[in-house]
Protein chains: 4
Amino acid sequence: MDFVIQHKKGKLPQLDNPILIEGLPGIGNVGKLAVEHIIDSIGATKFADFYCKDFPPQVFINSDGTIELVKNEFYYWKSKKEGQRNMILLTGDYQGLSSQGQYELVDTILNLCKKLGVKEIYTLGGYGLGQDIKKPKVLCATTHKMLVKEMKKHGAVFKQNEPGGGIVGASGLLLGLGKLKGFKGVCFMGETPGYLVDPNSAKAVLKIIKSITKVDFDMSALEEKAKEIEQIAQQLKEMEMGGNEKAEDLKYIG
Amino acid sequence: MDFVIQHKKGKLPQLDNPILIEGLPGIGNVGKLAVEHIIDSIGATKFADFYCKDFPPQVFINSDGTIELVKNEFYYWKSKKEGQRNMILLTGDYQGLSSQGQYELVDTILNLCKKLGVKEIYTLGGYGLGQDIKKPKVLCATTHKMLVKEMKKHGAVFKQNEPGGGIVGASGLLLGLGKLKGFKGVCFMGETPGYLVDPNSAKAVLKIIKSITKVDFDMSALEEKAKEIEQIAQQLKEMEMGGNEKAEDLKYIG
Amino acid sequence: MDFVIQHKKGKLPQLDNPILIEGLPGIGNVGKLAVEHIIDSIGATKFADFYCKDFPPQVFINSDGTIELVKNEFYYWKSKKEGQRNMILLTGDYQGLSSQGQYELVDTILNLCKKLGVKEIYTLGGYGLGQDIKKPKVLCATTHKMLVKEMKKHGAVFKQNEPGGGIVGASGLLLGLGKLKGFKGVCFMGETPGYLVDPNSAKAVLKIIKSITKVDFDMSALEEKAKEIEQIAQQLKEMEMGGNEKAEDLKYIG
Amino acid sequence: MDFVIQHKKGKLPQLDNPILIEGLPGIGNVGKLAVEHIIDSIGATKFADFYCKDFPPQVFINSDGTIELVKNEFYYWKSKKEGQRNMILLTGDYQGLSSQGQYELVDTILNLCKKLGVKEIYTLGGYGLGQDIKKPKVLCATTHKMLVKEMKKHGAVFKQNEPGGGIVGASGLLLGLGKLKGFKGVCFMGETPGYLVDPNSAKAVLKIIKSITKVDFDMSALEEKAKEIEQIAQQLKEMEMGGNEKAEDLKYIG
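So, how was this worked out
- Residues numbered from 1 in each chain as written.
- Chains lettered and ligands numbered in written order.
- Predicted model: local features only at pLDDT ≥ 70, side-chain atom pairs only at ≥ 80, totals over all residues.
- Heavy atoms only, no water.
- Contact = heavy atoms within 4.5 Å.
- Buried area = accessible area lost by both parts, 1.4 Å probe.
- Salt bridge = Lys/Arg side-chain N within 4 Å of Asp/Glu carboxyl O.
- Polar contact = N/O pair within 3.5 Å; in protein donor to acceptor, adjacent residues only side chain to side chain.
- Helix = DSSP H or I, 4+ residues; strand = E, 2+ residues; numbered from the N terminus.
- Nonpolar A, V, L, I, M, F, W, Y, C, P; charged D, E, K, R; others polar.
- Core = buried A, V, L, I, M, F, W, Y, C linked by side-chain atoms within 4.5 Å.
- Buried < 20%, exposed > 50% of the residue type's maximum accessible area, 1.4 Å probe, protein only.
- Expected span 1.5 Å × (residues − 1).
- Pairing = 2+ DSSP bridges.
- Axes fitted to C-alpha atoms, helices over the stretch in contact; angles between N-to-C directions.
- Parallel < 35°, antiparallel > 145°, perpendicular 65-115°, else oblique.

Turning our attention to the interface of chain D and chain A. Counting residues at the interface gives 24 residues for chain D and 28 residues for chain A. Together, the buried faces of chain D and chain A total about 2100 Å²; carbon and sulfur atoms form 64% of this surface. Interface area lost by chain D to chain A is led by K53(D), P57(D) and I67(D), which between them contribute 29%. Where chain D packs against chain A, one counts one salt bridge. Taken together, chain D and chain A are joined by twelve residue pairs in polar contact (both at pLDDT 80 or more). Of all the elements in the fold, those that place two or more residues in the side of chain D that touches chain A are β1 (4-8), β3 (45-52), β4 (58-61) and β5 (67-69) of chain D. With four residues, the top contributor of residues to the side of chain D that touches chain A is β4(D). A per-class count over the side of chain D that touches chain A returns 15 nonpolar, six polar and three charged.

Structure below.
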C-alpha cells in the first residue's frame, strides 16, 4: 500500500494550460470554503480522490447512512469562453497529520499536477488576526517576484514581514516544493478573526480568483452563509456581554 | 521484518462465502466483548495471529507464567446448518497506535480477507453516550445504500448525522478502505454510557449478528457479565452519592 | 543508512551454546545495573556497538573530553570451567524511543543472536512496587511452560497475574518476538520501590543468574552501591519528615 | 521523493582540505548567529540547499513578497592567504523535528562532507546556564583525545562532566556519527543565559574559530547586535523589577 492512494474515476482530464486552485481546512476554513464554493457554483467535475495513511483513520457518515473514508478531492472545469482559465480544484477533509506526511502528500499532488499540465498554482487560506475585521484584505505571497506586481493588479495586498511565521501547511508547501519543481505559485490569505468559519473572508479571496480566472461565478450562497455566521457571532458576543461564562469557549467553534 | 507479521498455524481455512466479524478494543469494549463471546460460545478455531510494529512493545503474562506478545487474532467457524453463515472472527489486544499503523494493519487484514473469500465485513463497536442507557439501541452505517434497508430489517437503527464524528479506528477503516477494494460492509455501534466495559451493549449488538448469521449462540455468559458490571456501576454510584471523592475516578475504569 | 548500525570490532565471537543476558535502562535501572555488574566482575569483552535512529540524537561526554554517540553494547564471555555457561551480554544507554523502533531494534538483536548461536535469552528488569521492600523477590515469566518449573528451582517466583500490565520494552519484546523465532527465554524482574536506582534488587536478580550460569562472580561492588543508595534514600526520607517540600521531587530521581 | 532533497546550484566546490563549521538553531541561537556572522563577514558563497521532510511543512516570506521553503544551507570560502583554512559553512532554519529525521539529515550531511574532502568538523552551539554571565567561556568536546589538548591552546575550556546531559541535536550527532565514519570533530559551546539570542556568546565562540582558521574576520556587526540585545535584556529586567507580570514571559523570547 502506497503512502497515498489515488482513486481515479476514468482517465485524467485533458485541459489546455489549467491552473490549480487549492483550499484545504485551515484558519477560519477560508481556503476550503472558497474552493468548495467555486466547485458548487461553476459545477466542476470530480476526477480523483486521494486517500492517505497520514490522514486520521476515520470515516464520515453520509446522510443516507453510508460511510466515506476521509480524503482529498480533485475536480476540473473547462472554460466556456475565451480568456477564461481552465481549472483543477483541490479540497478535502484533512491535511496530513505529520510533517513528513504533509511533504509526501504535496509531492504526490505536484506530480499529478505535472501530468495534468498545470504550471500555475493558487493556494487559498486565512490569515488569523485574532480580532474583528470589517473589510478583510487579502494578503499574498508568491514563488516569483514578477508575480507580486501582477497580483497587486488583481487586488492582492503585500505587507512586509506578514505573516511573520510564514505559511504553514499545504498552502505553503505547494508553493515551496512547487517552486523547486518549476511551478509558479501564489498564496492568497484572507484576513479573518479566525474564531469561526469565515465566508466573508472567503468571498474576499474569491473576488481575486474571479479577476484571475475571468470566470464570473455567483457569490450569493457564500453571502447567505456569511450572514448566518454573522448572526451566530453576534449571539456569541451578546452572551459574552451578558456575562455568560461559556461564551468564551463558544468563540472558538470552527 | 515486515510491518505486520502473520503467524499462520497450518493452512488458511476453506470456507464458502464467509463473512468477517471484527471486534477490537474501543468504547465500552463493546466490539471486543461481542466477538470474544461469539468465539467462545460457538467454539471457533484460531488460524492466525497478527503481530505489528505499531502495537505497544509489550508481552502479557498467561496464568501459567508464560508470555504472549500482544497481537490480533483470527478465528473461523464453519456453519452447521443450511442458511447459516460461515464466519471469520477478528479480535485482539490493541488497535494500531499511529494513524499510519492503523491504515497498514487494516490493509493487511483486507488482503487476508480477499484470500479467504470474504466479501462482507461486519465491524462491531460502541457508541458512547456519556449517560446511562436502559435499552441500548444499535446504530449502523454501511458501505452501500442497499445495505441500509437490509440492516433495518435486522433491527439496526440509522440516525442522521450520528455519530457526528464518524467512526474512528479499525471499525471505520475496514469499511472505508474495504469499500475501495470492493468489499461490502456494515458497522454496528451499540449505545453505551462508555464508562465501564458494557456487556449489555455487546448483547444488543449480538442480537443483530444472530439475525444476520442465523446462528443461535448462547448469551448467558454475557448476561452474567452484564449483571456483574451493573453491580459495580451501582456501587460506584452509591460511593459517589455518599460523597466519596475517589468515586469520580473510578467511574472511568474501562 | 540502516535503522540500526552495527559497528563490529573484528569478527563475531565463536562460543559454544551461549546464552544472551540483557539489561537495558528501566524501572530502578535494575536490569542495566545487573548486566553492567556482570560485565565488570567477570571481565567480559566488548565485540559490538549498536547505534539506532530511534535513540535520541545525542552524544555523551567522557571524562577525558571525548564524545560517545548513545548506543547499545554487546559483550561476550567464555566459560573457564566445565558446567559454566558462555555468555553474550547486552546493555546500553537507551531503549528505542518509539514502538516501531523497539520492534526493529529487538528484531535486529535477535538476528545477531541467531548468528552467535544463542538459543536461550535471559532478560533482566525491575518490578516497581511503589513502596519500600526489605527482601526483594525476583518475579519471572518465560516463553515456554517447561522453563517455569526450572526457574523455580533457581529461586525465581511466579505470581499469578503479576505484573498485571505484562512486560513493556526490550525485556518483554526479546521474549515475545524471540518465541516466534524459536528462542527460549526468561524474564527476571527484581522487586523494587522504583524511586531510585536499586542495586539491592539487581543483587537479588544476579543471585539467580549465578545459579543458572554456574559462574560465581563477586558481588561486593554492588553491595557497596546498595549501601550508598540506602543512605541517600534515608536522607530523602528525613528531609520529607522534616517538612522539606522539595523532598517530594527528590524521591523520583532515578 | 527522498527524505532529504539536495538542491545543487552548479557543481560542488573544489577545496583543499576544507573544514566544516556548523551552526544551526539551538540554545541562545549561539551556533546559528556565529556561522551566519562568518558567512556575512567573509563573503562565503552558497552552493547547496537542503530540504527535508522532517522540517516543519512551512515557507517563510522574503521582504519582496516571495516565499522560501524552510531549509538548511551550505556555503564555501576559499582561503586568501597561506595558513588560512578553507571552509564549508552550514546553517539553516531548523534542525530535524524527530530523532530519526536528525539521524538521517546528519548522515546525509556527512556523506556530502566526504565528497567535499572535509576531514574536520567544528560544530557551534550554546551551553545554557539559566543565569547571567559576564564573560562567557567556551566549553568544548571532541571526537579524539589528541584534539582536547589542541583546542585548549585555542582557548577552549574542558569541564569534567559538563554538559552533564551531553550534546543533543545536530552539533552532537555530527561528531557522534562523524566519528564512526572517520571524521575528526570538535563541538564549541558558548556559555549563555539562554533566555535571548546571545551575540555575546557567539562572539566568544568565534574568537576560537578565528584562532583555528587564521581568518581575521570583522566582529563589529556582532558587537552591535550584542549591544541591542543587552538593552532589551535590561528593559525586560526593569519591567520585571517594576512588577510587570508579563515580563516573565518576555524573558524567554528567543
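After that view of the structure, there is still more to cover.
A separate point is the nonpolar core. L20(A), F74(A), F74(B), F74(C) and F74(D) are the most contacted members of the largest nonpolar core, which has 160 residues in total. The contacts of F74(C), once residues within four sequence positions are left out, are L20(C), T45(C), K46(C), F47(C), A48(C), F50(C), I88(C), L89(C), L90(C), I109(C) and L112(C).

Residue and element names in this part refer to chain C. In this model helix α2 (residues 99-116) runs 26 Å from its N-terminal to its C-terminal C-alpha over 18 residues, within 8% of the 26 Å that 1.5 Å per residue would give. Taken together, the buried positions of α2 are occupied by S99, G101, Q102, Y103, L105, V106, D107, I109, L110, L112, C113 and L116. Among the residues trailing α2, G117 stands out with phi positive, at a value near 80 degrees.

What follows is about the interface of chain D and chain C. Each partner contributes residues to the interface: chain D has 28 residues there, and chain C has 25 residues. Summing the contributions of chain D and of chain C, the shared interface buries around 2100 Å²; its carbon and sulfur component is 65%. On the chain D side of the interface with chain C, the three residues burying the most area are Q100(D), Y103(D) and L180(D), jointly 28% of the side's total. A salt bridge links E104(D) to K53(C); the shortest N-O distance between them is 2.6 Å. At the junction of chain D and chain C, the tally comes to twelve residue pairs in polar contact (both at pLDDT 80 or more). Residue composition of the side of chain D that touches chain C, grouped by class: eleven nonpolar, twelve polar and five charged. As paired strands, strand β4 (residues 58-61) of chain C and strand β10 (residues 167-168) of chain D are joined by two bridges and run antiparallel to one another. Residue pairing in the sheet places Q58(C) in a bridge with V168(D) of β10(D).

Quick look at the arrangement of the chains now. Structurally, chain A and chain C remain out of contact, their C-alpha atoms never closer than 15 Å. Taking C-alpha atoms as the reference, chain B and chain D come no closer than 15 Å and do not contact one another.

Residue and element names in this part refer to chain D. Its place among the elements puts A226 in helix α6 (residues 220-241). Along the backbone, A226 and E104 are 122 residues apart, and their C-alpha atoms lie at a distance of 34 Å. Non-local contacts of A226, meaning those with residues more than four positions away in its chain, are made with P199 and N200.

Take the sheet that holds strand β5 (residues 67-69) of chain A next. Reading across from one edge, β5(A)-β4(A)-β10(B) is the order of the three strands in this open sheet, with antiparallel pairing throughout. Bordering the open sheet on either side are β5 of chain A together with β10 (167-168) of chain B, each of which pairs with just one other strand.

A packed helix pair is summarised by two numbers, namely the angle formed by the two axes and the spacing between the axes. Residue and element names in this part refer to chain A. For the pair helix α5 (residues 199-213) and helix α6 (residues 220-241), the least separation of the axes is 8 Å and the interaxial angle reads 150 degrees. Classed by the angle they form, the pair α5 and α6 counts as roughly antiparallel. Two secondary-structure elements touch here, α5 through P199, N200, A202, K203 and L206 and α6 through L222, E223, K225, A226 and I229. Tallied by class, residues from the contact of α5 with α6 come to six nonpolar, one polar and three charged.

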